[in-house]
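Letter by letter, the chains look like this.
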Amino acid sequence: MDIKTVMVVGAGQMGSGIAQVCAQSGYQVIVNDIKEGFLDKGFAVIARNLARQAEKGKITNEKRDQTLSRLRKSIDIRDAGDVDLVIEAAVENMEVKKSIFAELDKYAPEHAILASNTSSLPITEIAAATNRPEKVIGMHFMNPVPVMRLVEIIRGLQTSEEVYQSIESMTKSLQKVPIEVNDFPGFISNRVLMPMINEAIYALYEGVATKEAIDEVMKLGMNHPMGPLTLADFIGLDTCLYIMETLHEGFGDDKYRPCPLLRKYVKAGWLGKKTGKGFYEYS
């Protein structure tokens, strides 16, 4: 299927990044959110990113301006009526996502593919909220989207081969690397990453070492660019907890049980970099 126009639902960190790379790759992009203020914030981030790239000589000023011209704002989900692909990048909550997909199913054209940027939730269950489960697929981008090359492509139980091929091809057009994954909790990225982060939190909780020592071991000994506790702060401790709960529920295995210290920090509102405090403090 020929994809020309894309709607991105959600103008947050992930949504704005996805919108940026789609627009830079020549797609017409509608960015939808529930409030004008959220859209303004997301568009400001895109503009800053593009300005920085132009200043560094990575793109021309003309390319910057062309990219911005391909983006438009929307606060009405009915604007999906003239798109070929929707990429949902809303909050990581199953009920919210199912509600959005049910609405998109009403307003998006019959040929349109509906994709979710979920990092851990079952695509098959999201697809069940629509009357086109064969056209529902997962596109899990990595953060920060403009920099990270990986996109996990997740087939739901009924995702058609034609839809998979279209999304794989489109992902390559974004200068990303598509990796095919089946529909299991956490897919590959978070099924491997989150238990590692959770175990690092357990090591801190049990007094095995300080947070700085745990992070240094993983950086210097395993060649990770940042330690797991720092990474958790950047991801958001609430997001880490939600994904661990999804893994625990989905597999029914106590090896995925979230560390009590992680729960305590989330209850305290210490969510990491976005709140100024997590395992570390941020000004």
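Computed from a prediction, not measured in an experiment: that's the story for all the values here. (Residues numbered from 1 in each chain as written. Predicted model: local features only at pLDDT ≥ 70, side-chain atom pairs only at ≥ 80, totals over all residues. Heavy atoms only, no water.)

Colleague: Any chance you could explain the packing of aromatic side chains here in plain terms?
Modeller: Working definition: an aromatic ring pair is given by the centre-to-centre distance plus the angle between the planes. In total, this model carries 5 aromatic pairs according to the counting rule given. Aromatic pair Y265 and F279: ring centres 5.1 Å apart, planes at 35 degrees, arrangement tilted. Here the residue Y265 occupies a position in helix α11 (residues 260–267), and F279 occupies one in the segment after α11, the gap between them amounting to 14 residues. For F279, a relative accessible area of 5% corresponds to the buried category. Here a set of aromatic residues connected by ring pairs shows up, and it is made of Y265, W270 and F279. In this arrangement the basic side chain of K73 is found over the ring face of F43, its NZ or CZ atom lying 5.1 Å from the centre. Positioned over the ring face of Y280 is K211, at 5.5 Å from the centre of the ring. (Phe/Tyr/Trp six-rings, centres within 6.5 Å; stacked < 30°, edge-to-face > 60°. Helix = DSSP H or I, 4+ residues; strand = E, 2+ residues; numbered from the N terminus. Buried < 20%, exposed > 50% of the residue type's maximum accessible area, 1.4 Å probe, protein only. Lys NZ or Arg CZ within 6 Å of the ring centre and 35° of its normal.)

Colleague: What is the right way to look at a nonpolar patch on the surface in this model?
Modeller: Where nonpolar side chains cluster on the molecular surface, the patch consists of L150, V177 and I179 and spans about 190 Å² of accessible area. Take I179: it is sitting in strand β8 (residues 177–182). Residue classification places I179 among the partly exposed residues on the basis of a relative accessible area of 38%. (Patch = residues over 30% accessible without salt bridge, like charges linked within 9 Å, V, L, I, M, F, W, Y side chains within 5 Å. Areas by Shrake-Rupley, 256 points an atom, 1.4 Å probe, with all protein chains shown as cover. Salt bridge = Lys/Arg side-chain N within 4 Å of Asp/Glu carboxyl O.)

Colleague: Would you explain the UniProt feature "site: Important for catalytic activity" (unreviewed entry) in the protein in this entry?
Modeller: Listed under "site: Important for catalytic activity" (unreviewed entry) in the UniProt record, and renumbered for this structure, are H140. Within the fold, H140 resides in strand β6 (residues 136–141). Residue H140 is classed as buried on the basis of its relative accessible area, which comes to 6%. Leave out the neighbours within four places in its chain, and H140 touches S116, N117, T118, S119, L150, V151, E152, I154, F187, S189 and N190. (UniProt positions renumbered as here; feature names shortened; annotations may be inferred. Contact = heavy atoms within 4.5 Å.)

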